[in-house]
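Results of the structural survey
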Amino acid sequence: METASFDYFLPEELIASSPILNRTDSRLLIDSKPIQHKHFFDFIEFVNKDDLIVMNNTSVLPARVFGQKKTGGKFEMLLERLLDSRTALVQIKSSKAPKNGTILKVKKNQMETEIECIGRDSIFFKVDLKMDSKVFFNNFGQIPLPPYIKRNPNHMDKLRYKTVYENIDNQASVAAPTAGMHFSDLQIEKLKEKKIDIIFLNLNVGAGTFRPVTSKKIIDHKIHEEYINVSKDVVRKVKETKSKGGNVIAIGTTTLRAIETVFFNDLDEYSGLTDIFIIPGFKFKAVDKLITNFHLPKSSLLMLVAAFIGYERMKELYEVGVRERYRFLSYGDAMFLNKNEI
């Protein structure tokens with residue numbers, strides 16, 4: 001299929017630039033016949049006691065950093081992936097690409113430090129942060145709002161550009177797993193009271209999630225790599241759920257990609273990188289239902305949705321979303337989708 005097949009008209013005013021006041025007040029489009037228009041606090045009505053909810057409990061780093069070269073030129077750096085305790089793979093925007101050995105000066109408030117460019121990997125740079133990577137970003141970075149949110153981060157973003165169930169030990173993501181941002185603590189408690197199983201995995205979201213598909217044919221697109229950690233317990237729970245006829249419900253495309261990576265490769269557990277590219281024709285082995293936001297035109301995430309529910313159904317639901325004035329993208333509304341069984 002061609003990338004142009006995944007284009008659609010997205011009115012700019014439908015792009016949500018800020019979160020709504022209460023997480024669960026966001027709208028929820030139910031993929032049913034006929035389509036239902038609900039709110040996220042209604043989600044519990046569509047989950048049964050034999051179902052399993054799987055969530056990505058990654059945590060967002062303040063991953064955007066501004067600074068100067070020693071020559072005086074300004075630069076902007078965005079984390080792609082942590083490599084170890086003090087080195088990282090990053091994107092760097094500057095008037096001239098830094099060479100190996102280039103020293104970059106970083107300052108925020110009264111703190112200053114230096115980092116060093118030590119290599120290249122395709123479009124990315126390898127940098128030595130000269131200190132623990134999480135300490136560096138938490139001290140010198142800012143919340144990396146998506147590029148389509150054209151404003152600086154504020155206090156509300158610190159509270160809301162994350163899930164209520166994040167695990168701070170997994171603080172390594174450049175973007176929040178936005179489907180999970182609709183859940184409140186109260187809603188999770190209500191799911192537990194209904195005896196619904198909830199289990200967690202980790203996928204560290206990279207900046208590549210926002211990279212558009214530019215190749216003419218989608219099969220030629222090189223998708224970004226992201227680190228995942230899927231435990232034996234998650235795999236066991238997924239298998240048990242399917243054996244008793246329950247639905248495996250993935251909260252977000254990141255969760256779905258992590259689960260399907262493991263089941264596609266017939267693994268009992270996995271910690272490492274995944275570059276799974278889910279496009280129409282992909283055979284899903286684990287996930288039955290998906291909570292996800294509305295995605296950008298011509299994005300790999302939109303292609304994943306088309307693979308999951310069928311291309312024509314994706315086009316139909318997105319036309320409805322635009323017509324019914326749903327809020328799109330990271331701070332927008334959600335959809336509850338059923339896997340196409342054909």
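All of the points below concern the structure found in this document.

Rules used in this analysis
- Residues numbered from 1 in each chain as written.
- Predicted model: local features only at pLDDT ≥ 70, side-chain atom pairs only at ≥ 80, totals over all residues.
- Heavy atoms only, no water.
- Core = buried A, V, L, I, M, F, W, Y, C linked by side-chain atoms within 4.5 Å.
- Buried < 20%, exposed > 50% of the residue type's maximum accessible area, 1.4 Å probe, protein only.
- Helix = DSSP H or I, 4+ residues; strand = E, 2+ residues; numbered from the N terminus.
- Contact = heavy atoms within 4.5 Å.
- Arc of directions from axis to C-beta.
- Pairing = 2+ DSSP bridges.
- Axes fitted to C-alpha atoms, helices over the stretch in contact; angles between N-to-C directions.
- Phe/Tyr/Trp six-rings, centres within 6.5 Å; stacked < 30°, edge-to-face > 60°.
- Lys NZ or Arg CZ within 6 Å of the ring centre and 35° of its normal.
- Salt bridge = Lys/Arg side-chain N within 4 Å of Asp/Glu carboxyl O.

1. Considerations on the nonpolar core
Grouped together as the largest cluster of nonpolar side chains are 65 residues, with contacts concentrated most on Tyr161, Leu256 and Phe328. Looking at which element gives the most residues to this core, the answer is helix H6 (residues 300-309), with 8 residues. Setting aside chain neighbours within four positions, we find Leu256 in contact with Ala250, Ile278, Phe284, Val287, Leu290, Leu304 and Phe308. Core analysis: the next-biggest nonpolar cluster, separate from the first, contains 24 residues, Leu61, Met77, Leu104 and Ala207 among them.

2. Some words on helix H1 (residues 133-140)
Listed as buried for H1 are Ser133, Phe136, Phe137 and Phe140. One side of H1 carries all its buried residues, which in axial view fall inside an arc of 90 degrees. In the core, the buried residues of H1 are packed alongside strand E5 (64-69), strand E6 (74-82), strand E8 (103-108) and strand E9 (111-121).

3. Let's talk about the sheet that holds E6
Ordered by their spatial adjacency, 6 strands build a closed barrel running E5-E6-E7-E10-E9-E8, and the pairing between neighbours is antiparallel. Between one strand and the next, the sheet's axes are offset by a mean angle of 45 degrees, whatever the strand orientation. Two elements, E6 and strand E7 (residues 87-94), share 7 bridges in a ladder whose sense is antiparallel. If you follow Phe75 over to E7, its bridge partner there is Ser94.

4. A word on the pairing of strand E14 (residues 248-251)
It is a general feature of regular strands that their side chains alternate between the two faces of the sheet. Taking every second residue as pointing to the same face, both faces of E14 are buried, with Val248 and Ala250 on one and Ile249 and Ile251 on the other. Two strands pair when backbone bridges link them, and strand E3 (residues 52-56) and E14 are joined in this way by 3 bridges, in the parallel orientation. Counted as the bridge partner of Val54 is Ala250 from E14.

5. A closer look at the packing of aromatic side chains
A full pass over the atoms with the stated rule returns 19 aromatic pairs. Sitting above the plane of the Phe125 ring, Arg120 keeps its charged end 4.1 Å from the centroid.

6. Considering the environment of Lys93
In this structure, Lys93 sits in strand E7. Between the C-alpha atoms of Lys93 and Glu76, which are 17 residues apart in sequence, the distance is 5.1 Å.

7. Focus on the pattern of salt bridges
Scanning the entire structure with this criterion turns up 20 salt bridges. Taking the shortest distance from any N to any O, the salt bridge between Arg313 and Asp31 comes out at 2.8 Å. Of this pair, Arg313 sits in helix H7 (residues 311-323) while Asp31 sits in the loop between strand E1 (27-30) and strand E2 (36-39), and the two are 282 residues apart along the sequence. Where Asp288 meets Lys339, a salt bridge forms, and the shortest distance between an N and an O atom there is 3.8 Å. With a gap of 51 residues between them, Asp288 in the loop between strand E15 (270-274) and strand E16 (289-293) and Lys339 in the segment after strand E17 (334-338) connect regions that are remote in the sequence. Given the relative accessible area of 13%, Asp288 is considered buried. Under the relative-accessibility criterion, Lys339 is labelled buried at 16%. Several salt bridges converge on common partners, so that one network encompasses Arg86, Glu116, Asp128 and Lys130.

8. A word on the pairing of E2
Where E1 meets E2, 4 bridges bridge the pair, whose relative direction is antiparallel. Within E2, the position partnered with Leu28 by the bridge is Lys38. Two successive antiparallel strands, E1 and E2, enclose a turn made up of 5 residues.

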